[in-house]
Structure formats: C-alpha cells, structure tokens
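Each chain, letter by letter, is given below.
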Amino acid sequence: MKLGINIDHIAVLREAREVNNPNLIDAVSICERAKADQITIHLREDRRHIQDKDVEDIINHSILPINLECAIETSIIEIVSKMQPHRATLVPEKRQEVTTEGGLSIELNNQKLTDAISNLQENEIEVSLFIDPTNDAVSNAKALGVEWIELHTGSYSNIWAMLYSNLPKSNHIVKELNLPRATLKQMLKDELIRIEDAANLAYSLGLKVAAGHGLNYQNTPLIAKIESIEELNIGQTIIARSIFTGLERAILDIKELLR
Ligand code: PXP
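Below is a short write-up of the structure. Being a predicted model, the structure only gives us computed values, none of them experimental.

Another point: the pairing of strand 1 (residues 2-6). Regular strands place their side chains on alternate faces of the sheet. Most of strand 1 sits inside the fold, with four of its five residues counted as buried. The sheet contact formed by strand 1 and strand 8 (residues 231-234) spans four bridges and is parallel. Residue pairing across strands places glycine 4 opposite asparagine 233, the latter belonging to strand 8. When strand 1 meets strand 2 (residues 38-42), the two strands line up parallel, connected through three bridges. Paired with glycine 4 across the bridge in strand 2 is glutamine 38.

Following this line, the structure appears as structure tokens:
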C-alpha cells in the first residue's frame, strides 16, 4: 500500500500568519526521509492554503511524485497543465466548504471533465477522479479514459467518528444524529463493503485505485486491508499528530499501520 502525504494543512498554518513558516519544502524533505511515496497538494480556487508558487517550488524540489488535486475549472486546469505534476486528481470544490465534501458528479460534469482530462493527458499528466465509492461512479470514470480513481472515504470516516470518537463538527455526510450504535455499526460495515466493491470493480476494469479523506490512526487499518486499493492519501491526521511527535515520526506511525 502506497502512502501519499497531503501537506495542505502545513500551508494552512503558514497562511494564518502570512509568513514562510512552516516551510513546505522542509516538509517535502521530511516526507522523503520518512519514505512516503507521494506528495499530495490541493491548489484550491480560493487559494486558501497552497499557492501557485508552492506548486512550482514543490514540483522543482521534490524527488517524490506530485499528486495535484484541483477543480475542473478551465483557469485551474490551464495552470496545472503548465506545471506538469505527475498526476492531477480532479475534485469537486465548493467555496464555503471546510474540506472536499463528496465525490465528483461525473454525469453532471461530463463535458467539462472530458475537456479537462484531454487537456491534462495531452500534457502527459496522469488523471485521477475523486469519486464516491459506487459502482456507477467507477464505470463512469472508466468511460472517461482516466488512469486512476480515488475513492472518497469521508462517509466511512464520519460513521466511524460517530461510533468511536466525537462527532466531527461539520458532519455533512451522516446527517442523522443520535442513531443507535447497532445501526451505526451496520452502516460502517455496509460502507466498507461499498468501498471494497467499488475498488474491486475499478481494479477489474484496469483502473489504479487510491482512497482517502478523513482517514486517521484508528480507522485506516480496515481500509488498508482492501487489496485492490493501491494507495492512500492522508493529510489532516498526520499533520495534527506531527505537532506533538514531529512530522517524520507521524509518517512512520501511519506507515506502520499500512503494513
Ligand atoms: N484525498 C483527496 C482527494 C482530498 O481532497 C483530501 C483532502 O484534501 C485527502 C485525500 C486527504 O484528506 P484528509 O486531510 O482528511 O486526510
């Protein structure tokens, strides 16, 4: 199982003071030292954390492949095509959201996606689509000719959080509160099956399969067991732990769980 480290949250801390500290290139070096497999960053339209210059600097300095998440807006796709990361992961983006809520709606965005994918692929960038773990979404992604899909594990993580930790403040996926524990346990099992089925279908269709969102040191092992998933992209929990343990230790701890 490969591990992509999402370092957006380091940029969140930096942007809070508009200084160059913590430095993202230092973070990339630590990810390399800890033997992460990939750096994942999200160039949001509102530039709330990663800036255009960061993307350029990280691509120039990193020996790890760069997975650049971005919206399917023409202006952003143009920038990504020029910067030439190894992979572009197309994600839905809403301005007011705290984080990426749910996967891409392929049916609603078919033409935009077709244009964005061909632009990126012409520039020799692998394309991944961040989708909900459903067989329909997988088949639609396959039809668009992408190399990768990334399955959104946010729903799984939210159900897990309702069962085993405090409810996330913005619980946008599991809307009904105060569900009985037995119901939540069944929901968690069902969601895991949904993820595994979607991953298996994608794998059987020849797609490479990543997963991510809301994964943490407790809920990752069950996802890591799914053999058709090749890579996990994990951010917030690693950066949060790194405040206490340092980034290298936090990465090594999560790598231990992926074994
Ligand atoms: N994968 C994708 C496509 C994402 O948008 C995000 C969040 O930026 C992640 C993975 C990582 O999510 P988290 O920070 O919750 O680990």
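Take the site of the ligand next. Residues in close proximity to the ligand total twelve residues, the closest being Glu69, Glu150, Gly214, Gly235 and Gln236. Here an oxygen atom of the ligand sits 2.9 Å away from a polar atom, N or O, in the main chain of glutamine 236. Classifying every residue of the shell around the ligand by side-chain character gives three nonpolar, seven polar and two charged.

Here we take up the layout of surface pockets. Reported here for the second largest pocket is a volume of approximately 270 Å³. Ile10, Leu13, Ile239, Ser242 and Ile243 are, among the 16 residues lining the second largest pocket, the residues nearest its centre. Of all elements in the fold, only helix 1 (8-17), helix 2 (24-33) and helix 10 (236-245) reach the threshold of two or more residues within the lining of the second largest pocket. In terms of residue count, helix 10 provides more of the lining of the second largest pocket than any other element does, five residues in total. When its residues are assigned to classes, the lining of the second largest pocket shows ten nonpolar, five polar and one charged.

The subject of this paragraph is the packing of helix 2 against helix 3 (residues 52-61). Between helix 2 and helix 3, the least distance of the axes is 10 Å, while the angle of their chain directions is 35°. You can see that helix 2 and helix 3 cross each other, and the crossing is right-handed. In contact with Leu24, Ile25, Val28 and Glu32 of helix 2, helix 3 contributes Asp54, Asp57, Ile58 and His61. Its residues assigned to classes, the contact of helix 2 with helix 3 shows four nonpolar, one polar and three charged.

A cis amide bond links asparagine 21 with the next residue in sequence, proline 22, at an omega value of 0°. One can find proline 22 in the loop between helix 1 and helix 2. For glutamate 124, which is not glycine, the phi dihedral falls at a positive 60°. You can see glutamate 124 is positioned in the loop between helix 5 (110-122) and strand 5 (126-131).

A few words now on the packing of aromatic side chains. Enumeration over the complete set of coordinates arrives at one aromatic pair. Judged by centre distance (5.5 Å) and plane angle (50°), the rings of tryptophan 160 and tyrosine 164 are tilted. Here tryptophan 160 pairs with tyrosine 164, and both are found in helix 7 (residues 154-164), just four residues apart, close to one helical turn. Classification of tryptophan 160 by relative accessible area gives buried; the value is 10%. Seen from the ring of tryptophan 148, arginine 87 lies directly overhead, with NZ or CZ sitting 3.7 Å from the centre. If you follow arginine 241 out to its NZ or CZ, it ends over the ring of tyrosine 217, 3.5 Å from the centre.

Reading the values: the criteria
- Residues numbered from 1 in each chain as written.
- Predicted model: local features only at pLDDT ≥ 70, side-chain atom pairs only at ≥ 80, totals over all residues.
- Heavy atoms only, no water.
- Buried < 20%, exposed > 50% of the residue type's maximum accessible area, 1.4 Å probe, protein only.
- Helix = DSSP H or I, 4+ residues; strand = E, 2+ residues; numbered from the N terminus.
- Pairing = 2+ DSSP bridges.
- Near = heavy atom within 4 Å.
- Polar contact = N/O pair within 3.5 Å; in protein donor to acceptor, adjacent residues only side chain to side chain.
- Nonpolar A, V, L, I, M, F, W, Y, C, P; charged D, E, K, R; others polar.
- 1 Å grid on protein atoms, 1.4 Å probe; cavity = no way out; pocket = protein on both sides within 12 Å on 5 of 7 lines; lining within 4 Å.
- Points joined across faces, edges and corners; volume = space filled by probe spheres on them.
- Axes fitted to C-alpha atoms, helices over the stretch in contact; angles between N-to-C directions.
- Left-handed = near helix turned anticlockwise from the far one by under 90°.
- Contact = heavy atoms within 4.5 Å.
- Phe/Tyr/Trp six-rings, centres within 6.5 Å; stacked < 30°, edge-to-face > 60°.
- Lys NZ or Arg CZ within 6 Å of the ring centre and 35° of its normal.

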